[in-house]
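Inside the fold
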Amino acid sequence: MSTFYGRIPVEKVRSFLYYQKDGITQKLIHQLKYKNQPEIGVFIGEWFGSNLVDMNVFEDIDYIVPVPLHPKKQRKRGYNQVTLFGETLSKILDVEYKANVLIRSSTTKTQTLKQRFERFSDSNTKFKLANTTIFENKHVLLIDDVITTGATIEACANELLKTKNITISVATMAYTQKG
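Only a predicted model underlies this, so the values are computations on that prediction, with no experimental measurement involved.

Glancing now at the overall build of the chain. Tallying secondary structure elements over the chain gives 6 helices and 7 strands in all. For the chain, the sequential pattern of α-helices and β-strands runs β-α-α-β-α-α-β-β-α-β-β-α-β. Across the 179 residues of the chain, 48% fall into the buried class. For the chain, restricting intrachain contacts to residue pairs at least 6 apart in sequence, the fraction spanning at least 24 positions comes to 81%. Put simply, the chain shows about 9,400 Å² of open surface, and 49% of that area lies on carbon and sulfur atoms.

Among the residues of helix α4 (residues 83-93), F85, G86, T88, L89, S90 and L93 are the ones counted as buried. Residues of α4 that are buried sit in contact with α2 (39-54), β2 (63-66), β3 (96-97), β6 (139-147) and β7 (167-176). Of the residues flanking the end of α4, it is D94, one or two places downstream, whose phi is positive at about 55 degrees.

Attention now moves to the nonpolar core. Residues F58, I64, L93, L141 and I143 are the most contacted members of the largest nonpolar core, which totals 25 residues. Residue contributions to this core peak at 4 residues, all from α2. The contact partners of L93, leaving out residues within four places of it in the chain, are G49, L52, V53, F58, I64 and L141. Ranked by size, the runner-up nonpolar core spans 21 residues in total, among them F4, V65, F135 and V140.

Okay, the pattern of salt bridges next. Counting across every chain of the model gives 5 salt bridges. Between R7 and E154 there is a salt bridge, with the nearest N and O atoms lying 2.7 Å from each other. In this pair, R7 is assigned in the segment before β1 (13-19) and E154 in helix α6 (residues 151-160), connecting sequence segments 147 residues apart. Taking the relative accessible area as the measure of exposure, E154 reaches 17% and is therefore buried. Salt-bridge contacts for K12 lead to D60; the nearest nitrogen and oxygen are separated by 3.8 Å. Highlighted residues: K12 in the segment before β1 and D60 in the loop between α2 and β2, separated in sequence by 48 residues.

A separate point is the packing of aromatic side chains. The final tally for this structure, using the stated rule, is 5 aromatic pairs. An angle of 75 degrees between the planes, with centres 5.0 Å apart, marks the rings of F16 and W47 as edge-to-face. One end of the pair, F16, is in strand β1; the other, W47, is in helix α2, with 31 residues separating them in the sequence. The partly exposed category is assigned to W47, whose relative accessible area is 45%. One aromatic cluster is present, formed by F16, F43, W47, F48 and F85 through successive ring pairs.

As a further point, take the sheet that holds β3. With parallel pairing, the 5 strands of this open sheet are ordered in space as β1-β7-β6-β2-β3. With one partner strand each, in any of the chains shown, β1 and β3 form the two edges of the open sheet. Bridge analysis of β6 against β7 gives 8 bridges, and the strand direction is parallel. Note on β7: the bridge partner recorded for H139 is T167. Sitting on the sheet, α2 is in contact with β1 and β7, with an inclination near 135 degrees to β1.

What counts, and at which threshold
- Residues numbered from 1 in each chain as written.
- Predicted model: local features only at pLDDT ≥ 70, side-chain atom pairs only at ≥ 80, totals over all residues.
- Heavy atoms only, no water.
- Helix = DSSP H or I, 4+ residues; strand = E, 2+ residues; numbered from the N terminus.
- Buried < 20%, exposed > 50% of the residue type's maximum accessible area, 1.4 Å probe, protein only.
- Contact = heavy atoms within 4.5 Å.
- Areas by Shrake-Rupley, 256 points an atom, 1.4 Å probe, with all protein chains shown as cover.
- Core = buried A, V, L, I, M, F, W, Y, C linked by side-chain atoms within 4.5 Å.
- Salt bridge = Lys/Arg side-chain N within 4 Å of Asp/Glu carboxyl O.
- Phe/Tyr/Trp six-rings, centres within 6.5 Å; stacked < 30°, edge-to-face > 60°.
- Pairing = 2+ DSSP bridges.
- Axes fitted to C-alpha atoms, helices over the stretch in contact; angles between N-to-C directions.

Listed below in structure tokens is the structure:
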């Protein structure tokens, strides 16, 4: 996926669904994030995970790490929308799921209301790695719900890259064209 080309070194990038305005994927992700339906994450995780196994993708992953929500946003929503997705992938791929190692230390308004430039240039979003040695010499699969500009994944990856000899791959529920 050319989204990250020249920006961050990623091994592999896979997205399961195509996200477009007013499309079925947008409705599905909206239900997952804002309508208290975290089981959608399990459904997508099972479907996507079995496809990844069939294609022999991510067979060398050591850990699955979710893009974190800010604690305030997580309290309001009640859950991180990628948790059950990640935990399901973890079971199917037989890889340890590591939440709470990558931490969001700043909060931002929802990305869905921002234009592309605002998303990309939003340098206020900060992430912190709680333990800089846990991923040394490891291959980490960074997961999120939707890639639009890639700015969030890039910010997370830049924090993860502070770890010695880390390899990063990315998997998301959906991918959308920059708009």
